[in-house]
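# Structural overview
Here is what each chain is made of, one letter per residue.
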Amino acid sequence: MARRSSVDVFCPSCRWEPTNVAFWGCTCGCRWNTFATAGVCPRCRRRWPDTQCPVCHVLSPHEEWYHRLAGLVADLLNGH
Ligand SMILES: [Zn+2]
Ligand SMILES: [Zn+2]
């Protein structure tokens, strides 16, 4: 059983998986982990629709970092 219950989060370009590092910076000067708030700055509440990968530097829409649905499909395919 390799099924995961949590959402898989990784870069859609290079598949880097975010840790809890506060890599992302807002124009208000705040630095935080954008995946802890789904792309919303905790200080000024600005929503950032795109998230840049610190490894490959590709800017991708925030929701494209979440891969739970793709993982569920893969589990179904592997289970049959
Ligand atoms: Zn990347
Ligand atoms: Zn901010």
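For the protein chain, the name recorded in an unreviewed UniProt entry is Amidophosphoribosyltransferase, with Hymenobacter caeli as its organism.

Looking now at the coordination of the zinc ion (ligand 2). The zinc ion (ligand 2) binds to the protein through Cys26 (SG), Cys28 (SG), Cys41 (SG) and Cys44 (SG), with metal-donor distances spanning 2.3 to 2.4 Å. One chain supplies every donor to the zinc ion (ligand 2), and in sequence these donors are spaced C-x1-C-x12-C-x2-C. Of this pair, Cys26 sits in the loop between strand E1 (24–25) and strand E2 (31–32) while Cys41 sits in the loop between E2 and strand E3 (50–52); the two residues are 15 residues apart in sequence, bridging distant segments of the chain. What makes Cys26 buried here is its relative accessible area of 9%.

With respect to the helices, strands and loops of the structure, Thr51 is situated in strand E3. Take Thr51: its relative accessible area is 1%, and that puts it in the buried class. A polar side-chain atom of Thr51 sits 2.6 Å from a polar atom in the side chain of His62. Discounting residues that sit within four places of it in the chain, Thr51 has contacts with Trp24, Thr34, Phe35, Val58, Leu59, Ser60, His62 and Trp65.

Moving on, we come to the coordination of the zinc ion (ligand 1). Protein coordination of the zinc ion (ligand 1) is provided by Cys11 (SG), Cys14 (SG), Cys53 (SG) and Cys56 (SG), with donor distances spanning 2.3 Å. Considering all four donor atoms around the zinc ion (ligand 1), angles at the metal cover 106 to 114 degrees and the coordination shape is tetrahedral. Here the donor residues for the zinc ion (ligand 1) map to a single chain with the spacing C-x2-C-x38-C-x2-C. Note that Cys11 is positioned in the segment before E1 and Cys56 in the loop between E3 and strand E4 (59–61), a separation of 45 residues in sequence.

Cut-off values and rules
- Each chain carries its own residue numbering, running from 1 in the written order of its sequence.
- The order in which chains are written sets their letters, starting at A; the order in which ligands are written sets their numbers, starting at 1.
- At least 70 in pLDDT is required for a residue's local features to be given in this predicted model, at least 80 for side-chain atom pairs to be given and counted, and no such filter applies to totals for whole chains, interfaces and linings, which use all residues.
- Side-chain figures throughout are based on the complete set of non-hydrogen atoms in the structure, without hydrogens or water.
- For Na, K and Ca the donor cut-off is 3.2 Å, while for other metals it is 2.8 Å, and in both cases only N, O and S atoms qualify; water is not among them, so sites may look incomplete.
- A run of DSSP states H or I qualifies as a helix once it reaches four residues; a run of E qualifies as a strand once it reaches two. Both are numbered from the N-terminal end.
- Working definition: with a 1.4 Å probe on protein chains only, accessible area under 20% of the residue-type maximum means buried, over 50% means exposed, and in between means partly exposed.
- Polar contact criterion, stated in full: a pair of N or O atoms within 3.5 Å, where within protein one must be able to donate a hydrogen and the other to accept it, and residues adjacent in sequence count only if both atoms are side-chain atoms.
- Note on contacts: a residue pair is in contact if any heavy atoms of the two residues lie within 4.5 Å.
- In short, tetrahedral needs four donors with all angles between 85 and 135 degrees, square planar needs four and octahedral six donors with opposite donors over 155 degrees apart and all other angles between 65 and 115, and whatever is left is irregular.

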